[in-house]
Amino acid sequence: MAREPLDEERLTAMLVHGPTPTRVEIVDYDPEWPRRFARRAVELREILGERARLVEHIGSTSVPGLAAKPVVDIVVGIDDPDDEPAYLPDLEAAGYELRVTEPRHRALRAGEPGEPVNLHCYAPDDVETRRYLVLRDHLRSHPDDRDRYAATKRELARHEWDDMNYYAEAKGPVIRDILDRAGWVEP
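1. Quick notes on the packing of helix α5 (residues 143–156) against helix α7 (residues 172–181)
Contact geometry for α5 and α7: axes closest at 10 Å, N-to-C directions at 175°. Relative to α7, the element α5 lies roughly antiparallel. When α5 is examined against α7, the residues Asp145, Arg148, Tyr149 and Thr152 are found in contact with a partner set consisting of Val174, Ile175, Asp177, Ile178 and Arg181. A breakdown of the residues in the contact of α5 with α7 according to their chemical character gives four nonpolar, one polar and four charged.

See below:
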């Protein structure tokens, strides 16, 4: 099932602190990103124990050679992300701040300002989790698609956005095309 397009009302409802105007910074790939992920993965497994059914590096920082925002994205598989009392207090105590709340998904932020991390909590078998991993794995093994995606991101970064989520949505057409090329079939 495809996500609904963003509008001001939906965005305001899901963002804990509301929309934030932004300019996107895209930088060349940094080999430190996988090490930052590895440190965070150890920390998350210590915090969550068996509640973390999977911990995966996703997003552009997980693809060697891909230009990206210098923010490490991580997906953690939580059996029921809507059951916040089961995991959220432990993440908040470790410095993660809740930023997005929507059905079956929570997003948190940590590491400001030096090593920012976006943490996405989905069920391990959620379609979004699977989509993230298919896109990551395809971009890792297809340099032409990786470069096309980087060019799209650099072009979009030239604009100011009413919120980072609008930038993410603007990447949608190229992401969908790359996912099609990877053999993704929308459930």
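Back to the write-up after that little detour.
2. Let's talk about the environment of Leu15
Structurally, Leu15 can be placed in the loop between α1 (8–14) and β1 (22–23). With 152 residues separating them along the chain, Leu15 and Tyr167 place their C-alpha atoms 15 Å apart. Residues in contact with Leu15, not counting those within four places in the same chain, are Arg99, Val100, Asp163 and Asn165.

3. A look at the sheet that holds strand β4 (residues 97–102)
Reading across the sheet, the five strands line up as β2-β3-β6-β5-β4 and stay open at both edges, with mixed pairing between neighbours. Looking at strand neighbours, the two that pair on one side only are β2 (54–58) and β4, the edges of this open sheet. Strand-to-strand, the axes of this sheet are offset by a mean angle of 20°, without reference to chain direction. Two strands pair when backbone bridges link them, and strand β5 (residues 105–110) and strand β6 (residues 117–122) are joined in this way by five bridges, in the antiparallel orientation. The residue bridging Arg109 from the neighbouring strand is Asn118, located in β6. Seen against the sheet, helix α2 (residues 32–48) touches β2, β3 (72–77), β5 and β6 and runs at an angle of roughly 160° to β2. Running over the sheet, helix α4 (residues 127–141) touches β2, β3 and β6 and is turned about 45° from β2.

4. Comments concerning the packing of aromatic side chains
Within the structure shown, the criterion is met by three aromatic pairs. On the basis of an interplanar angle of 90° and a centroid distance of 5.4 Å, the ring pair of Tyr29 and Trp33 is categorised as edge-to-face. With a relative accessible area of 24%, Tyr29 lands in the partly exposed category. Ring geometry for Trp161 and Tyr167: centres 6.1 Å apart, planes at 70°, overall edge-to-face. As far as the burial class goes, Trp161 and Tyr167 line up, both buried. Geometry around Tyr149 places Lys153 over its ring, the cationic atom sitting 5.0 Å from the centre.

Definitions and cut-offs
- Residues numbered from 1 in each chain as written.
- Predicted model: local features only at pLDDT ≥ 70, side-chain atom pairs only at ≥ 80, totals over all residues.
- Heavy atoms only, no water.
- Axes fitted to C-alpha atoms, helices over the stretch in contact; angles between N-to-C directions.
- Helix = DSSP H or I, 4+ residues; strand = E, 2+ residues; numbered from the N terminus.
- Parallel < 35°, antiparallel > 145°, perpendicular 65-115°, else oblique.
- Contact = heavy atoms within 4.5 Å.
- Nonpolar A, V, L, I, M, F, W, Y, C, P; charged D, E, K, R; others polar.
- Pairing = 2+ DSSP bridges.
- Phe/Tyr/Trp six-rings, centres within 6.5 Å; stacked < 30°, edge-to-face > 60°.
- Buried < 20%, exposed > 50% of the residue type's maximum accessible area, 1.4 Å probe, protein only.
- Lys NZ or Arg CZ within 6 Å of the ring centre and 35° of its normal.

Purely geometric numbers; function is a separate question.
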